[in-house]
Amino acid sequence: MTAMSEHWDVHGGARLEGEVEVVGAKNSVLKLMAAALLAEGTTTITNCPQILDVPLMADVLRSVGCEVELDGDTARITTPSELSHRADSPAMGKLRASVCVLGPLVGRLKRAVVALPGGDAIGSRPLDMHQNGLRALGATSTIEHGCVVAKADELQGAQIWLDFPSVGATENILMAAVLAEGTTVIDNAAREPEIADICTMLIEMGAKIEGAGTSTLTVHGVDALHPTEHRVIGDRIVGATWAFAAAMTRGDITVRGVNPHHLDLVLDKLRMAGAEVTTFDGTGFRVVQAERPKAVDFVTLPYPGFATDLQPFAVALSAISEGTSMITENVYEARFRFIEEMQRLGADARTDGHHAVVRGVDSLSSAPVWASDIRAGAGLVLAGLCADGVTEVWDVFHIDRGYPHFVENLNRLGARIERVSGAPERS
């Protein structure tokens, strides 16, 4: 685990070249772990990323009575016949995805008390849609003393429309509905590959779900589920990070372990920036950038649009591209905090509401910068690779929550990054 006082010294001028393997998706594995609550017995999840959030989720599951064994890239979760309905572990406050135990607990126990989640500082995450979905299934749901409190005599299938295709709300409603009586239809559901991954695992456990990967999920409730063994899909956000790293450093990186079709829009944007992109069916891709990137506009939208998690990389790429880019953020209002740190590095960027205008500069200059979330931290590291001198990146514990062996992989590709202990002196 990264010490809070640790920072990374990122030496500028690197050209990244080589091959990197992507492991399981952070945005999937934590929800798959929560889904194990739905079935008594031992569920095994493989291809788990070795990131800080996995043991945090393990602590959340232990707090409701599960036994969790983490062994390398494998998680074994033994769910007892009698679970606690109270998920209020201290780990809940450190983990945005912890709220995903709400749906499984309500589905299995018909009641839950779940502490409000923590995680990245990227903007508000209201739980209205989660609660409204549970209410539609027949539960009551309130916020009391910093917890979501939900209970029901029974759950009945319902027609549910989401005002926004929220990933978290889709997941919680889905995992509650699989054990409800009757049929539930979730319209305007999230379409992310991670949602399809959860559907696949639930079906393996005995659930009846139609429409995975589309905006309409139809769930036919069953009486009980059984444990399974499931392999997590590759992390498309980490895969895209390496794609941007190749483009920004005018490098040549082959990425394995992720379905390139999950990144169709990202790879098309990099082609527009001048990269040569080759895909390997279902298994990976290669990005080669020979010249300075060209400016490209980006608009964040729910999948299959450009992911909000990738917005910091869009800003970082634009900062060193030839021309002017417009980046529009439609998902998390506070994500542009990243731009303040990029300005420390000499980026010519201005924000106006949910738009940012970034004029590319010939080169960035090193400075101390602070990560506010996982992706902002990784974006600052990539920007530091394109800056003159040595950039100090602080609060790197965020990065370790989402990227296993990030420094080691970067150094193997040709970067020079050192982990340094010591307290920061922020101006």
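Further up the page is the structure itself.
Note that the coordinates shown come from a computational prediction; the quantities given were computed from them, not determined experimentally. (Residues numbered from 1 in each chain as written. Predicted model: local features only at pLDDT ≥ 70, side-chain atom pairs only at ≥ 80, totals over all residues. Heavy atoms only, no water.)

Trainee: Provide a residue-level description of the sheet that holds strand S2 (residues 17-21), including the pertinent values.
Mentor: Overall, mixed pairing links the four strands, which are arranged S2-S15-S17-S16 in an open sheet. Looking at strand neighbours, the two that pair on one side only are S2 and strand S16 (276-280), the edges of this open sheet. Sheet twist, expressed as the mean angle between neighbouring strand axes with direction ignored, is 10°. Of the pairings in the sheet, the one linking S16 to strand S17 (residues 284-288) comprises five bridges and is antiparallel in character. Bridge assignment links Thr278 to a residue of S17, and that residue is Arg286. (Pairing = 2+ DSSP bridges. Helix = DSSP H or I, 4+ residues; strand = E, 2+ residues; numbered from the N terminus. Axes fitted to C-alpha atoms, helices over the stretch in contact; angles between N-to-C directions.)

Trainee: Residue-level account of the side chain of Ser89, with values.
Mentor: One can find Ser89 in the loop between strand S6 (86-87) and helix H3 (102-109). When sequence neighbours within four positions are dropped, the list of residues in contact with Ser89 reads Asp59, Val60 and Ser63. (Contact = heavy atoms within 4.5 Å.)

Trainee: An account of the packing of aromatic side chains is requested, with residue identities and associated values reported.
Mentor: Summed over all chains, the structure comprises eight aromatic pairs. An angle of 40° between the planes, with centres 6.5 Å apart, marks the rings of Trp8 and Phe406 as tilted. Of the two residues, Trp8 is situated in strand S1 (residues 7-11) and Phe406 in helix H13 (residues 406-412); the sequence distance between them amounts to 398 residues. Here Trp8 and Phe406 have matching classes, each one buried. Ring centres of Tyr403 and Phe406 lie 4.8 Å apart, and the angle between their planes is 40°; this geometry places the pair in the tilted category. On the basis of relative accessible area, Tyr403 is assigned to the buried category, the value being 1%. Taking relative accessible area as the criterion, Phe406 reaches 1% and is therefore assigned buried. Of the aromatic side chains, those joined through ring pairs into one cluster are Trp8, Trp242, Tyr403 and Phe406. In this arrangement the basic side chain of Arg256 is found over the ring face of Phe280, its NZ or CZ atom lying 4.6 Å from the centre. Above the ring of Phe298, the side-chain terminus of Lys269 is found at 5.6 Å from the ring centroid. (Phe/Tyr/Trp six-rings, centres within 6.5 Å; stacked < 30°, edge-to-face > 60°. Buried < 20%, exposed > 50% of the residue type's maximum accessible area, 1.4 Å probe, protein only. Lys NZ or Arg CZ within 6 Å of the ring centre and 35° of its normal.)

Trainee: Before we move on, could you go through the packing of helix H1 (residues 26-35) against helix H2 (residues 53-63) and cite the residues and values that matter?
Mentor: Between H1 and H2, the shortest axis-to-axis distance is 10 Å and the interhelical angle comes to 15°. Between H1 and H2, the interaxial angle falls into the category roughly parallel. When the axes of H1 and H2 are compared, the crossing they make is right-handed. Here Lys26, Val29, Leu30, Met33 and Ala34 of H1 lie close against H2, whose contacting residues are Asp53, Val54, Met57, Ala58 and Leu61. (Parallel < 35°, antiparallel > 145°, perpendicular 65-115°, else oblique. Left-handed = near helix turned anticlockwise from the far one by under 90°.)

Trainee: An account of the sheet that holds strand S25 (residues 390-394) is requested, with residue identities and associated values reported.
Mentor: Across a sheet, strands are paired by hydrogen bonds formed along the backbone, either parallel or antiparallel in direction. Taken in spatial order, the four strands make up an open sheet running S23-S25-S1-S26, and their pairing is mixed. Edge strands, defined here as strands with exactly one partner in the open sheet, are strand S23 (368-370) and strand S26 (417-420). With direction set aside, neighbouring strand axes in the sheet form an average angle of 25°. Relative to S1, helix H11 (residues 374-385) is tilted by about 30°, and along the sheet it contacts S1, S23, S25 and S26.

Trainee: Which residues make up the pairing of strand S11 (residues 183-187), and what values go with them?
Mentor: Of all five residues in S11, four are buried, a share of seventy percent or more. Of the strand pairs in this sheet, strand S10 (residues 159-161) and S11 are connected by three bridges, and their pairing is parallel. Its bridge partner being in S11, Gln159 is matched across the sheet by Val185. Tracing the backbone out of S10, into helix H5 (residues 167-177) and back to the parallel element S11 gives a crossover that is right-handed. As judged from the five bridges shared by S11 and strand S13 (residues 216-220), these two strands associate in the antiparallel manner. Across the sheet, Val185 pairs through a bridge with Thr218, a residue of S13. (Right-handed = clockwise from strand over helix to strand, strands pointing away.)

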